[in-house]
Amino acid sequence: MDAIRGRARKFGENIDTDTITPAASLHLPMEEMKKHAFGPVAPGFYKTVQPGDIIVADNNFGCGSSREHATEVVKELGIRYIVCESMARIYMRNCVALGLYPILAKGVSRLFNEGDEIEIDFERAMVTNPKTGKAVPFKPLKGTPKEIFDGGGILPLLKKLIEEAPPGPGKPVTAP
Amino acid sequence: MMTIAEKILARASGSGTLSPGDYVTAHIDLAMLPEMLGMIRRVLLKAGIDPASLRIWDTEKVVAVLDHYVPAASLEIAESQQQIREWMEKLHVKYYYDLFPGVCHQIVHEKGHVRPGELIVGADSHTTTYGALNAAATGIGASEMAFVMQTGKLWFMVPETIKFEINGKLPDCVYSKDVILYIAGKYSTDVAQYKAIEWTGPVVDALSMDARFTMSNMSVELGAKFGLFRADRKTIDYVRARTDKEFQPVEPDPGAVYAETYVINASALEPQVALPHGVGNAKGVSEVKDVPIDQAVIASCCHGRIEDLEIAANMLKGKKVHPKVRFWVGPASWEVYKEAMDKGILRTLLDAGVMIANPSCGFCTGIQGVLAAGERCIAATPRNFKGRMGSNDAEIFLASPATVTASAIKGRIADPREVL
Ligand code: SF4
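Residues numbered from 1 in each chain as written. Chains lettered and ligands numbered in written order. Predicted model: local features only at pLDDT ≥ 70, side-chain atom pairs only at ≥ 80, totals over all residues. Heavy atoms only, no water.

**Student:** Would you mind going over the overall build of chain A in detail, with residue names and values included?
**Tutor:** When you go through chain A residue by residue, the secondary structure sums to 7 helices and 7 strands. Beginning at the N terminus, the succession of helices and strands in chain A can be written as β-α-α-α-β-α-β-α-β-β-β-β-α-α. In terms of overall dimensions, chain A has C-alpha extents of about 60 × 40 × 25 Å along its principal axes. Counting across all 176 residues of chain A, residues that qualify as buried make up 55%. (Helix = DSSP H or I, 4+ residues; strand = E, 2+ residues; numbered from the N terminus. Buried < 20%, exposed > 50% of the residue type's maximum accessible area, 1.4 Å probe, protein only.)

**Student:** Describe the interface of chain B and chain A, with residues and values.
**Tutor:** Bring the parts together and some accessible area is lost; that lost area is often taken as the interface size. On the side of chain A, 46 residues touch chain B, which itself brings 42 residues to the contact. Buried surface at the junction of chain B and chain A, both sides included, amounts to about 3,700 Å², of which 59% is carbon and sulfur. Counting every contact that joins chain B to chain A gives 4 salt bridges. When the shortest N-O distance is used, the salt bridge between glutamate 72 of chain A and lysine 46 of chain B registers 2.5 Å. Mapped by element, the contributors of at least two residues to the side of chain B that touches chain A are β1 (23-27), α2 (37-46), β6 (136-139), α5 (142-151) and β7 (153-157) of chain B. A per-element tally of the side of chain B that touches chain A places α5 of chain B first, with 7 residues. Of the residues contributing to the side of chain B that touches chain A, the split by class is 20 nonpolar, 12 polar and 10 charged. (Contact = heavy atoms within 4.5 Å. Buried area = accessible area lost by both parts, 1.4 Å probe. Salt bridge = Lys/Arg side-chain N within 4 Å of Asp/Glu carboxyl O. Nonpolar A, V, L, I, M, F, W, Y, C, P; charged D, E, K, R; others polar.)

**Student:** Describe the pattern of salt bridges, naming the residues involved and giving the relevant values.
**Tutor:** Overall, the coordinates contain 35 salt bridges over all chains when judged by the stated rule. With its nearest N and O atoms 2.8 Å apart, the salt bridge here joins glutamate 60 of chain B to lysine 245 of chain B. With glutamate 60 of chain B in the loop between α2 and β3 (62-65) and lysine 245 of chain B in the loop between α9 (233-240) and β11 (260-265), the pair connects residues that are 185 residues apart, well separated along the chain. Here glutamate 60 of chain B falls in the partly exposed class, since its relative accessible area comes to 27%. The class for lysine 245 of chain B is partly exposed, based on a relative accessible area of 36%. Each of Arg7, Arg9, Asp53 and Glu114 of chain A takes part in salt bridges that share partners, so that together they form one network.

**Student:** Give me helix α7 (residues 154-164) of chain A: which residues, what numbers.
**Tutor:** If you check which residues of α7 of chain A are buried, you get Ile154, Leu155, Leu158, Leu161 and Ile162 of chain A. Relative to the axis of α7 of chain A, the buried residues are bounded by an arc of 115° and lie together on one face. The exposed set on the far side of α7 of chain A, more than 90 degrees from its buried face, consists of Glu163 and Glu164 of chain A. In the core, the buried residues of α7 of chain A are packed alongside α5 (89-98) and α6 (143-150) of chain A together with α2, α5 and β7 of chain B. (Arc of directions from axis to C-beta.)

**Student:** So what's going on with the site of the ligand? Residues and values would help.
**Tutor:** Residues and elements named next belong to chain B. Neighbouring the ligand are His68, Val103, His105, Asp124, His126, Ser300, Cys301, Cys361, Cys364, Thr365, Pro382 and Arg388. Looking at side-chain class alone, the shell around the ligand contains 5 nonpolar, 5 polar and 2 charged residues. The residue makeup of the shell around the ligand includes at least three contributed by each of domain 1 (4-263) and domain 2 (272-418). (Near = heavy atom within 4 Å. Domains from an automatic or database assignment.)

**Student:** Now, about helix α8 (residues 209-218) of chain B: what can you tell me, with residues and values included?
**Tutor:** Most of α8 of chain B sits inside the fold, with 10 of its 10 residues counted as buried. Residues of α8 of chain B that are buried include every one of Met209, Asp210, Ala211, Arg212, Phe213, Thr214, Met215, Ser216, Asn217 and Met218 of chain B, and no others.

**Student:** I'd love a proper account of empty space enclosed by the protein, names of residues and values included.
**Tutor:** Residues and elements named next belong to chain B. All told, the structure shown has 2 cavities of 30 Å³ or more when counted by the stated rule. If you add up the space inside the second largest cavity, you get close to 40 Å³. Contributing to the lining of the second largest cavity are 13 residues, with Ala299, Gly330, Asn358, Pro359 and Ser360 lying nearest its centre. Here the lining of the second largest cavity is built from residues that sort into 7 nonpolar, 6 polar and no charged. (1 Å grid on protein atoms, 1.4 Å probe; cavity = no way out; pocket = protein on both sides within 12 Å on 5 of 7 lines; lining within 4 Å. Points joined across faces, edges and corners; volume = space filled by probe spheres on them.)

**Student:** Could you give an account of the sheet that holds strand β5 (residues 117-121) of chain A, naming the residues involved and the relevant values?
**Tutor:** All names here are of chain A. If you trace the 7 strands from one edge of the open sheet to the other, you get β4-β3-β2-β1-β5-β6-β7, paired in mixed fashion. Of all strands in the sheet, those with a lone pairing partner are β4 (101-104) and β7 (135-137), marking the two edges. In this sheet, neighbouring strand axes are inclined to one another by 30° on average, regardless of whether the strands run parallel or antiparallel. The sheet strands contacting α5 are β3 (81-84) and β4, and the helix crosses β4 at an angle near 140°. (Pairing = 2+ DSSP bridges. Axes fitted to C-alpha atoms, helices over the stretch in contact; angles between N-to-C directions.)

**Student:** Give me the lowdown on the domain arrangement of chain B, citing residues and values where you can.
**Tutor:** Residues and elements named next belong to chain B. We note that the domain assignment places domain 1 (4-263) and domain 2 (272-418) within chain B. Computed over C-alpha atoms, the centres of domain 1 and domain 2 are 25 Å apart. Opposite the 37 residues of domain 1 that make contact, domain 2 presents 36 residues. Each partner contributes to the roughly 2,900 Å² buried at the junction of domain 1 and domain 2, and carbon and sulfur atoms together form 62% of this total. Our enumeration of links across domain 1 and domain 2 arrives at 1 salt bridge. Linking arginine 383 and glutamate 221 is a salt bridge whose minimum nitrogen-to-oxygen distance equals 3.0 Å. For the pair domain 1 and domain 2, the number of links is 18 residue pairs in polar contact (both at pLDDT 80 or more). Of the residues that constitute the side of domain 1 that touches domain 2, the class distribution is 16 nonpolar, 13 polar and 8 charged. (Polar contact = N/O pair within 3.5 Å; in protein donor to acceptor, adjacent residues only side chain to side chain.)

**Student:** So what's going on with the packing of aromatic side chains? Which residues, and what values?
**Tutor:** Taken as a whole and assessed by the stated rule, the structure comprises 20 aromatic pairs over all chains. Their ring planes at 50° and their centres at 5.9 Å tell us that tyrosine 23 of chain B and tryptophan 155 of chain B sit as a pair that is tilted. Of this pair, tyrosine 23 of chain B sits in strand β1 while tryptophan 155 of chain B sits in strand β7, placing them 132 residues apart in sequence. A residue is classified by how much of its surface remains accessible, and tryptophan 155 of chain B, at 3% relative accessible area, is buried. A centroid spacing of 5.1 Å and a plane angle of 25° characterise the contact between phenylalanine 164 of chain B and tryptophan 199 of chain B, whose relative ring orientation is stacked. Of this pair, phenylalanine 164 of chain B sits in strand β8 (residues 161-167) while tryptophan 199 of chain B sits in strand β9 (residues 196-200); the two residues are 35 residues apart in sequence, bridging distant segments of the chain. Phenylalanine 164 of chain B sits in the buried class, given a relative accessible area of 0%. By relative accessible area, which is 2% here, tryptophan 199 of chain B ends up buried. Every member of this aromatic cluster is reached through a ring pair, and the members are Phe11, Phe38, Phe45, Phe61 and Tyr91 of chain A. Across from the ring centre of tryptophan 155 of chain B, 4.2 Å away, lies the NZ or CZ of arginine 93 of chain A, which sits over that ring. Note that arginine 242 of chain B overlies the ring of tyrosine 238 of chain B, its terminal NZ or CZ placed 3.7 Å from the centroid. (Phe/Tyr/Trp six-rings, centres within 6.5 Å; stacked < 30°, edge-to-face > 60°. Lys NZ or Arg CZ within 6 Å of the ring centre and 35° of its normal.)

**Student:** How would you explain the packing of helix α10 (residues 306-316) of chain B against helix α12 (residues 345-352) of chain B if you had to name every residue and give the values?
**Tutor:** Residue and element names in this part refer to chain B. At a minimum axis separation of 9 Å, α10 and α12 run at an interaxial angle of 45°. Taken as axis vectors, α10 and α12 run oblique relative to one another. When the axes of α10 and α12 are compared, the crossing they make is left-handed. Two secondary-structure elements touch here, α10 through Ile306, Leu309, Glu310, Ala312, Ala313 and Leu316 and α12 through Ile345, Thr348, Leu349 and Ala352. (Parallel < 35°, antiparallel > 145°, perpendicular 65-115°, else oblique. Left-handed = near helix turned anticlockwise from the far one by under 90°.)

What follows is the structure in structure tokens.
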């Protein structure tokens, strides 16, 4: 994977899972749930978001509960990369599990304005604003989380393990 | 030279020395499935996996609890619970708690499923609670839990460890809940983000197990991955009374490296109250004046243990709950309920005007005792996010069971030292 480019969609700090998926939207079908995503801070986000957009946020993105809907909805909106100063740990795990790439880079939120082009270079492990030339480093995923992301998330991997497992109850299978 | 978290992850992953930032794949000692099971079924179906095709990797290592929506209050929930029941039977889940449930983070250690030194994951953020028993326990999402159920393994990044050293002595009416609210207020709710906490110092050593559970439970409110205590006599006695299985407590190495050490003098603390709508809005109770309340609650995975109920009962002897306050106490499990009955605690509470709720998550998360717009509730629970207990325009204040009880007596947020 070399470099990818996209449009920055800016968010502030402490964007919690209730903001990403307000409680009242949790029982709705996905197409409806999307319409409420980020509602409290960015109403109508679903109308302006385009596949390939990249979220750029401040500290503690995704804090709060372990509800996976909050990660699922971002993926369903066509986003594959979330760049932020820091991310709550369960949210970060859920990102990898669903095939979203968490990019944690100190100082990154000041580099971009809403709508700026953003470049993520995985070879050099740098996030750059091509317009200003300013860049900050990040730690790329490696090992198992990298494999999970490359495979499109943890469930495709699980599906494969189940299909390959010999039949019979309680028989253990081996994870990578 | 490793910290508790590093040692547990090293053992579980068969690694040598580990350092923060290392990635490992580790064997899970216990997977805890709360009512999130409904969501796990849903993600499996969406990914084209038949939930019944899953095979639990080791039935000794999986515990499931119906806790959040008990008893079912809508047809939707009843149907979800029906599906969970059928699924659990198909998967031959051996430790499945459905009848006489309670809050998962009480049931799981109360029934002896948690042992010192273990690596535990749960599909709920407050799984950190088992850190009180020297277990590295943390929350994960639904998809990852599905993977763990089948394989018994999961990847981890080794976290940095920070140490909180709580010195001095807790003053009267100041409890472990006050210490943790104070820390959230002073250092913010991301002070431990992605880190393991080790709780140390003379105050921590003197705490009961119930008081320690409150701190490891709320470690996640500081952003922590684990909220660890060392195992001492109290820990060993608690675990030994509940299981015959072997275990190996884990001590930090003397030369272990801590990213940060915070030293707190507990002798100077007063009871704390977290104002709406965040745990980090904590203030000393003396700064919170004349706030009338409509509801008071002691329940949840944070409180609702026997010691919490005892504190309330002792304060309420010969006193009455304010006539305008609905004071609900929900024991965290039916074991706690029975013990409170045997000790006469329930009688004292009922005579004083407290209502007793069934053990469940209900009051903590807006399923029972829902708040209307403009209402205020003071709660001994772990979270006060906007809208958590009902209306977005209701206000939730967090405090210890003692401060909640004092407030229920006075009809306004009150210092427990006022009613002694
Ligand atoms: S009591 Fe509240 S915080 Fe605890 S597990 Fe239940 S819903 Fe979550």
